[in-house]
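If you want the building blocks of each chain, they are given just below.
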Amino acid sequence: RQPTFPGEGIPHAKMSSNSKETIILSDWIRRALVGVDLSALAGERYVSSTTYGADPSQWPSSIRNSMALCSDDYLMPALRVAYSLANQIICKEEATGKSPTLSVDWVDNIVVCINNRVGR
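Cut-offs applied
- Residues numbered from 1 in each chain as written.
- Predicted model: local features only at pLDDT ≥ 70, side-chain atom pairs only at ≥ 80, totals over all residues.
- Heavy atoms only, no water.
- Phe/Tyr/Trp six-rings, centres within 6.5 Å; stacked < 30°, edge-to-face > 60°.
- Helix = DSSP H or I, 4+ residues; strand = E, 2+ residues; numbered from the N terminus.
- Buried < 20%, exposed > 50% of the residue type's maximum accessible area, 1.4 Å probe, protein only.
- Expected span 1.5 Å × (residues − 1).
- Contact = heavy atoms within 4.5 Å.
- Axes fitted to C-alpha atoms, helices over the stretch in contact; angles between N-to-C directions.
- Parallel < 35°, antiparallel > 145°, perpendicular 65-115°, else oblique.
- Left-handed = near helix turned anticlockwise from the far one by under 90°.
- Nonpolar A, V, L, I, M, F, W, Y, C, P; charged D, E, K, R; others polar.
- Salt bridge = Lys/Arg side-chain N within 4 Å of Asp/Glu carboxyl O.

Draft legend 1. Structural view of the packing of aromatic side chains. One pass over the structure, following the stated rule, counts 1 aromatic pair. Between W28 and Y74, the aromatic rings sit 6.0 Å apart at their centres with planes inclined by 35°, giving tilted as the arrangement. Here W28 is found in helix 1 (residues 25-35), whereas its partner Y74 is found in helix 4 (residues 72-96), with 46 residues between them in sequence. Judged by relative accessible area, Y74 falls into the buried class, the value being 10%.

Take a look at the structure:
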């Protein structure tokens, strides 16, 4: 069986074989950033509550996104996605003898399979 490149022949709604949700990579990034709990950082000395307020949802989006990008809640799943993507690219290269070609909208052709299992 030939491995598939992310997004190749996979519907963007649901995968029929195991019914895991799939979303395009750019949506996953936005969803993952929003899902990071920043409340513990509100009291930290490097994020002054007098500057940005005690409620992270009121912080400027650039501050929220910067803090979320540095958190383990975002970084670990992002590294799993990157590892999986790199692995699938290698499999595609080994199977076909050539690298997948990137188009202008390549990020919209990569899907992430969401598995909400406990204990990750």
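Draft legend 2. Region of the structure containing helix 4. With 25 residues, helix 4 should cover 36 Å at 1.5 Å per step; its first-to-last C-alpha distance of 36 Å lies within 8% of that length. Here helix 4 has its buried residues at Y74, P77, A78, V81, L85 and K92. Where helix 4 is buried, its residues meet helix 1, helix 3 (61-69) and strand 2 (111-114). Just downstream of helix 4, G97 is the residue with a positive phi angle, here 80°.

Draft legend 3. Inspection of the packing of helix 1 against helix 4 at higher detail. Axis separation between helix 1 and helix 4 bottoms out at 10 Å; the angle between their running directions is 165°. The angle between helix 1 and helix 4 places the two elements in the roughly antiparallel class. Taken as a pair, helix 1 and helix 4 cross one another with a handedness that is right-handed. Contacts from L25, W28, I29, A32 and L33 in helix 1 reach Y74, P77, A78 and V81 in helix 4. Considered class by class, the residues forming the contact of helix 1 with helix 4 number 9 nonpolar, no polar and no charged.

Draft legend 4. Local environment of the pattern of salt bridges. A complete count under the given rule lists 2 salt bridges for this structure. In this structure, E21 and R31 form a salt bridge, with 3.0 Å as the shortest nitrogen-oxygen distance. Here E21, found in strand 1 (residues 21-24), pairs with R31, found in helix 1; they are 10 residues apart in sequence, far enough to count as distant. The class for R31 is partly exposed, based on a relative accessible area of 42%. The salt bridge partner of D27 is R30, with a shortest N-O separation of 2.6 Å. Residue D27 and its partner R30 are located together in helix 1, separated by 3 residues, close to a single helical turn.

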